[in-house]
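Spelled out from the first residue to the last, the chains are:
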Amino acid sequence: MNVLFVGSEAIPYAKTGCLADVLGSLPKALGNRNIDVSLVLPLHGIIKQDVEKNIRLISSYDIEIGSRVEKINLFSLFKDGVCIYFIDNHNYFGNRDTLYGHHDDGERYYFFNKAIIKSLSYFYSYPDIIHLNDWQSGFVPYLLRKNNIKIKTLFTIHNLTFQGIFPIELMEYLKEEINDVFILNDQVNFLKTGIMLSDFVTTVSKTYSTEILSAEYGYGLNNILNQKKDKLSGIINGIDYDYYNPKTDEDIYFNFTLNNYVKGKRINKEKLLEEFNIIKQRGPLVSIISRINDIKGFDLLKEIIEELITTYKINFILLGYGDSSTELFFEELHNKYPKSVGVFIGYNEILAKKIYAGSDIFLMPSRFEPCGLSQLISYRYGTIPLVRNTGGLKDTVEPLDFFSLNGDGFMFNNYTAKDLMNKIVEAIKIYKQKDIWNRLIKRGLKNDFSWNNSAISYEKLYRKLIENK
Ligand code: ADP
């Protein structure tokens, strides 16, 4: 079986969100299952500088866009059993210093989609399945139909809030073929186009695939998704168990395994507190690493954090950036309680790993969460996730059952400060009962959220699609 992934970003080449994590690891995991996997990316300006020496030119050809003709170079590179193709065009990608946010993004990614169709006959092998990802690949199914090419398509939604919406006037090159399918609320919508015309649609967790059918979570696409309901499912993301490995990770203070996790957690916590120049309090070390916005629950956290520090004596660490008034709130919190609270505003992957390894509780009070990776990383480093009952969090966290003592985390239901507070207070009580706490840690360390299981699910779906001619 031959699968071609299409997307706009993948680690280690370009990353703005978790799509890059998925496209950097899922193709590799499928390759390990003897599937012939390739991935096609635009050769963004930021990638070009890094990979130019290692890539090989396959061919160069022209693509028409409106009345203009643009040249592309198709390059390839083999890495970890995956063939990565890069579509190189100077005007649309090579000379831009960011992936998105340009006035002509609609035209740029339509061009990318068109270039893929033309490149099909130049790729080393012809795909049985094209696996599309997010709005940047939304026009591929349309262009396949238009060119009468019969390849099955699977479209994965990683983030429903980014839909690739552009005014029709900006889509000069589409003028003659404008079609109702492309349009939502009088604008061209890439994501809608991809969803409507693909053979099957997935999201990155089962629960999220049902939540998005409602107006609350559907971001204006719930009616479209409801039409597609019988061709929609969810497959949970994994994380890279080699990159996130407490046994070998050179970024954490002290390596550990299931055999010495008590010592490992203790040393990592001591060093982390030192790094932030804070002093161990009676309560647990509660942390959050996140984009800072209200979707991630910061509005709730702001209401209760001070009481947690003063009454329940927790240590608190925040790593993140985003909404500036919330950044300021937490910087002031640090100034007020410098011995209990550590705050780092910014993006820092190494510090993130140190926090995962040194914390007791990891907070994810999200309003919604398509999959969520941080709870999976927390398990891997022996930290207990405390999450809201939504999306991928619901599918990956088993709340502690007080009778059987089974479970691997804590979960609250309603998106209110009161519910979040109650759950944290409950977790603090359990934290003091070391036997139950260690049982939770061990369960998390034993969990397997590597890509293997998800790769098996995708493989099954691909086979079903191919058989359904
Ligand atoms: P989302 O993709 O919605 O931001 P996820 O939980 O799916 O949320 O993934 C977030 C990822 O980004 C996690 O791996 C988390 O550790 C990482 N991350 C978020 N903020 C930061 C930061 N400021 N510094 C380092 N890593 C971060």
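Here the residue numbers are simple positions, counted from 1 along each chain's written sequence. At least 70 in pLDDT is required for a residue's local features to be given in this predicted model, at least 80 for side-chain atom pairs to be given and counted, and no such filter applies to totals for whole chains, interfaces and linings, which use all residues. Computation of side-chain values covers all heavy atoms of the structure but excludes hydrogens and water.

1. Details of the side chain of Gln136
No. 1: Its place among the elements puts Gln136 in the loop between strand E6 (129-133) and helix H5 (140-146).
No. 2: Polar side-chain contacts of Gln136 include one of 3.4 Å to the side chain of Tyr100.
No. 3: Here Gln136 is in contact with Ser8, Tyr100, Tyr109, Phe112 and Asn113, once residues within four sequence places are set aside. In DSSP terms, a helix is any run of H or I states spanning at least four residues, a strand is any run of E spanning at least two, and both are numbered starting from the N terminus. Definition of a polar contact: a pair of N or O atoms within 3.5 Å, with one able to donate and the other able to accept a hydrogen when the atoms are protein atoms, and with sequence-neighbouring residues admitted only if both atoms are side-chain atoms. Working rule for contacts: check all heavy atoms of both residues, and any pair within 4.5 Å makes them a contact.

2. As for the domain arrangement of the protein
Accessible area lost on assembly of the parts is the figure often given for the size of an interface.
No. 1: In this document the domain limits rely on a domain assignment from an automatic tool or a database. According to the domain assignment, the protein consists of domain 1 (2-238 + 452-467) and domain 2 (261-446).
No. 2: Contact with domain 1, which involves 16 residues of that partner, is made by 16 residues of domain 2.
No. 3: We define buried area as the total accessible area lost by two parts upon association, computed with a 1.4 Å probe and summed across both. Taking both sides of the interface into account, the surface hidden between domain 1 and domain 2 amounts to around 1,100 Å²; carbon and sulfur atoms contribute 62%.
No. 4: Summed over the three residues of domain 1 that lose the most area to domain 2, namely Thr207, Tyr208 and Tyr217, the buried surface amounts to 33% of that side.
No. 5: Definition used for salt bridges: Asp or Glu carboxyl oxygen within 4 Å of a side-chain nitrogen of Lys or Arg. Counting the contacts that link domain 1 with domain 2 gives zero salt bridges.
No. 6: If you look at where domain 1 meets domain 2, you find seven residue pairs in polar contact (both at pLDDT 80 or more).
No. 7: Elements with a contribution of two residues or more to the side of domain 1 that touches domain 2: helix H1 (18-31) and helix H7 (206-211).
No. 8: Considering each element in turn, the side of domain 1 that touches domain 2 owes the most residues, four residues, to H7.
No. 9: Residues that form the side of domain 1 that touches domain 2 fall into these classes: six nonpolar, six polar and four charged. Classification used: nonpolar for Ala, Val, Leu, Ile, Met, Phe, Trp, Tyr, Cys and Pro, charged for Asp, Glu, Lys and Arg, polar for all others including Gly.

3. What about the layout of surface pockets?
No. 1: Residues are called lining when one of their atoms sits within 4 Å of a cavity or pocket point, these points coming from a 1 Å grid over the protein atoms alone, where a cavity is a set in which a 1.4 Å probe fits but cannot get out and a pocket is an open set with protein on both sides within 12 Å along at least five of seven lines. Grid points are joined across faces, edges and corners, and a volume is the space filled by probe spheres set on the points. Roughly 330 Å³ of internal volume is contained in the second largest pocket.
No. 2: Lining the second largest pocket are 17 residues, and of these Lys265, Arg266, Asp360, Tyr431 and Lys434 lie nearest its centre.
No. 3: Those elements that provide at least two residues to the lining of the second largest pocket are helix H10 (261-275) and helix H17 (434-446).
No. 4: Grouping the constituent residues of the lining of the second largest pocket by class yields five nonpolar, four polar and eight charged.

4. Observations regarding the nonpolar core
If you look at soluble globular proteins, the nonpolar side chains tend to sit buried side by side.
No. 1: By size, the foremost hydrophobic cluster in this structure holds 91 residues, and its most contacted members are Phe5, Leu30, Val40, Phe86, Phe139, Phe190 and Ile195.
No. 2: In this view, Leu30 contacts Phe5, Ile35, Val37, Ala455, Tyr458, Glu459 and Tyr462; residues no more than four positions away in its chain are not counted.
No. 3: Among the nonpolar cores identified, the runner-up in size contains 71 residues, and Tyr261, Val286, Ala427 and Trp437 belong to it. Definition used in this section: a nonpolar core is a set of buried Ala, Val, Leu, Ile, Met, Phe, Trp, Tyr and Cys residues joined via side-chain atoms within 4.5 Å. Only protein chains enter the area calculation, which uses a 1.4 Å probe; residues under 20% of their type maximum are buried, those over 50% are exposed, and those in between are partly exposed.

5. Digging into the side chain of Arg388
No. 1: Residue placement: Arg388 occurs in strand E17 (residues 384-388).
No. 2: At a separation of 3.2 Å, a polar atom in the side chain of Arg388 contacts the side chain of Tyr217.
No. 3: A polar atom in the side chain of Arg388 sits 2.7 Å from the backbone oxygen of Asn413.

6. Notes on empty space enclosed by the protein
No. 1: For the structure on display, the rule yields one cavity of 30 Å³ or more.
No. 2: Of the pockets and cavities examined, the largest cavity occupies roughly 40 Å³.
No. 3: Along the walls of the largest cavity sit His103, Asp104, Asp105, Gly106, Glu107, Phe166, Leu170 and Met171, which together make up its complete lining.
No. 4: For the lining of the largest cavity, the leading source of residues is helix H4 (residues 105-119), giving three residues.
No. 5: Residues of the lining of the largest cavity, tallied by class, amount to three nonpolar, two polar and three charged.

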